[in-house]
Amino acid sequence: MDFKHELVFPDDGLPFKMFVFEGREGNYKVSRHWHRSVEIFLVLEGTMDFYINTEQFSLGKGQFILVNPNEVHSIDCPHPNFTIVLQIPSGLFEAYVGNVESMLFCRSSPAQDAQLVDLIADIYESHDNKQCGYQFRMLSDFYKLLYLLVTSYRILEVDEERRRQNKNLEKLSKITDYVNENYTEDLTLEGVARVFGYSPTYLSKMFHKYAGVNYKSYVLDLRTEAGYRLLMNTRQSVLEIAIECGFPDSRSFANAFRKRYGMAPTEYRKNRR
């Protein structure tokens, strides 16, 4: 299958991730991928073409698209745009909707769509201005958004075909959740396969088919991403970060970091600061 699994990490201190879409200059594409998070793209300026499975959606100013967990999607931005992206981990809904495997959201009425757009715009404004107490305002609007999603956008009856489509991706998602929670440990393919009652061969094939990478690369990417966040948000040494993120030494972390970000961790930290 020609799509990959995407890792989604909430922003530090927040239960969600919010950012400006990286294709704002235009002439930019995002290949087919999936993740366990609910994702909302809100276009504030310009246009973009969005694809969910095989269906195309053309978005203009003030329009948004809602992507469900485990939904394969891609993006084409031939023209400049300014788009806000909000990613909400599906685990936030589990206590309220039960089995997230059957969780599905769809567009609602124009009035409710306008309310959703206003909430996301307000969250971004608070995030961008960072005035005193902005975190509380962001969280207040964010939980209003969650309430709107589960009360006005959720489809209660999910058809059997949709359930079958989600089944294998959800199976892998449970494994990736386990890996995400334990990536600092010695996570061998054999050990993880044993935890879930699979053979190492079956688990390896599952990663290749549905995550688009092999198991070893997935764990390495996870550790490197965690190292990046510590590098940008702490004053820990490269060795301390490497050990905390599950690397055997600073050299292995530096090699993985350089491969992903194009320069050594110390150089990257210096340039960003």
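A few points on the structure. (Residues numbered from 1 in each chain as written. Predicted model: local features only at pLDDT ≥ 70, side-chain atom pairs only at ≥ 80, totals over all residues. Heavy atoms only, no water.)

## Overview of the overall build of the protein chain
Right, on to step 1. Across its full length, the protein chain holds 10 helices and 9 strands.
Right, on to step 2. Relative to a compact globule of 273 residues, whose C-alpha radius of gyration would be 19 Å, the protein chain shows 19 Å and is just as compact.
Right, on to step 3. Reported as C-alpha extents along the three principal axes, the dimensions of the protein chain are approximately 55 × 45 × 35 Å.
Right, on to step 4. The contacts in the protein chain between residues at least 6 apart in sequence include a share of 71% that link residues at least 24 apart.
Right, on to step 5. Just so you have it, the protein chain exposes about 14400 Å², and 49% of that area is on carbon and sulfur atoms.
Right, on to step 6. Of the side-chain charges in the protein chain, 33 are positive and 36 negative, and the distance between the mean point of each set is 5 Å. (Helix = DSSP H or I, 4+ residues; strand = E, 2+ residues; numbered from the N terminus. Rg over C-alpha atoms; globule rule 2.2 N^0.38 Å. Contact = heavy atoms within 4.5 Å. Areas by Shrake-Rupley, 256 points an atom, 1.4 Å probe, with all protein chains shown as cover. Lys, Arg positive; Asp, Glu negative; His and termini not counted. Charge placed at Lys NZ, Arg CZ, Asp CG, Glu CD.)

## So, the sheet that holds strand β3 (residues 28–34)
Right, on to step 1. The strand order across the open sheet built from 5 strands is β1-β3-β8-β5-β6, with neighbouring strands paired in mixed fashion. The open sheet has two edge strands, β1 (4–5) and β6 (55–59), and neither has a second partner.
Right, on to step 2. Relative to β3, β1 is paired through 2 bridges, and the arrangement is parallel. Paired with Lys4 across the bridge in β3 is His33. (Pairing = 2+ DSSP bridges.)

## Quick notes on the pattern of salt bridges
Right, on to step 1. Inspection of the entire model under this criterion finds 3 salt bridges.
Right, on to step 2. In this structure, Arg260 and Glu225 form a salt bridge, with 3.3 Å as the shortest nitrogen-oxygen distance. Taken together, the residues Arg260 in helix α9 (residues 250–261) and Glu225 in helix α7 (residues 215–233) connect sequence positions 35 residues apart. (Salt bridge = Lys/Arg side-chain N within 4 Å of Asp/Glu carboxyl O.)

## Quick notes on the pairing of β6
Right, on to step 1. Relative to β6, strand β5 (residues 48–52) runs antiparallel, the two sharing 5 bridges. Bridge assignment links Phe50 to a residue of β6, and that residue is Phe57.

## Focus: the environment of Ile123
Right, on to step 1. In this structure, Ile123 sits in helix α2 (residues 110–129).
Right, on to step 2. Not counting the four nearest positions on each side in its chain, Ile123 is found in contact with Phe16, Met18, Met138, Asp141, Phe142 and Leu145.

## A short note on the packing of α7 against α9
Right, on to step 1. Packing of α7 against α9 leaves a shortest axis separation of 10 Å and a crossing angle of 90°. Taken together, α7 and α9 sit at an angle that is classed as roughly perpendicular. In this structure, α7 uses Leu220, Asp221, Thr224, Glu225, Gly227, Tyr228 and Leu231 to contact α9, whose residues at the interface are Phe253, Ala256, Phe257, Arg260 and Tyr261.
Right, on to step 2. For the contact of α7 with α9, the class distribution of residues is 7 nonpolar, 2 polar and 3 charged. (Axes fitted to C-alpha atoms, helices over the stretch in contact; angles between N-to-C directions. Parallel < 35°, antiparallel > 145°, perpendicular 65-115°, else oblique. Nonpolar A, V, L, I, M, F, W, Y, C, P; charged D, E, K, R; others polar.)

## Looking at the side chain of Asp113
Right, on to step 1. By the secondary structure assignment, Asp113 is in helix α2.
Right, on to step 2. A polar contact of 2.7 Å, which involves the side chain of Asp113, links it to the side chain of Tyr153.
Right, on to step 3. Each residue touching Asp113, except ones within four places of it in the same chain, is listed here: Phe64, Arg107, Ser108 and Tyr153. (Polar contact = N/O pair within 3.5 Å; in protein donor to acceptor, adjacent residues only side chain to side chain.)

## Considering the sheet that holds strand β4 (residues 38–46)
Paired through backbone hydrogen bonds, the strands of a sheet run either parallel or antiparallel to each other.
Right, on to step 1. Read across the sheet, 4 strands follow the order β2-β9-β4-β7 without closing on themselves; strand pairing throughout is antiparallel. Single-partner strands in this sheet number two, and they are β2 (17–20) and β7 (64–67). Within this sheet the neighbouring strands show an average axis-to-axis angle of 15°, counted without direction.
Right, on to step 2. Pairing analysis gives 8 bridges linking β4 to strand β9 (residues 81–88), with the strands arranged antiparallel. Note that in β9 the partner of Phe41 across the bridge is Val85.

## A word on the packing of aromatic side chains
Right, on to step 1. Under the definition given, this model contains 18 aromatic pairs.
Right, on to step 2. Relative to Phe196, the ring of Tyr178 lies with its centre 5.6 Å away and its plane at 85°, an arrangement referred to as edge-to-face. In this pair, Tyr178 sits in helix α4 (residues 160–182) while Phe196 sits in helix α5 (residues 189–196), placing the two residues 18 residues apart along the sequence.
Right, on to step 3. Between Tyr228 and Tyr268 the ring centres are 5.8 Å apart and the planes differ by 70°, which places this aromatic pair in the edge-to-face class. Here Tyr268 lies in helix α10 (residues 265–272) and Tyr228 lies in helix α7, a separation of 40 residues in the sequence.
Right, on to step 4. For Tyr228, a relative accessible area of 17% gives the class buried.
Right, on to step 5. Three or more aromatic residues joined by ring pairs make a cluster, and in this case those are Tyr228, Phe247, Phe253, Phe257, Tyr261 and Tyr268.
Right, on to step 6. The positively charged end of Arg229 is found above the aromatic ring belonging to Phe9, 4.2 Å away from the centroid. (Phe/Tyr/Trp six-rings, centres within 6.5 Å; stacked < 30°, edge-to-face > 60°. Buried < 20%, exposed > 50% of the residue type's maximum accessible area, 1.4 Å probe, protein only. Lys NZ or Arg CZ within 6 Å of the ring centre and 35° of its normal.)

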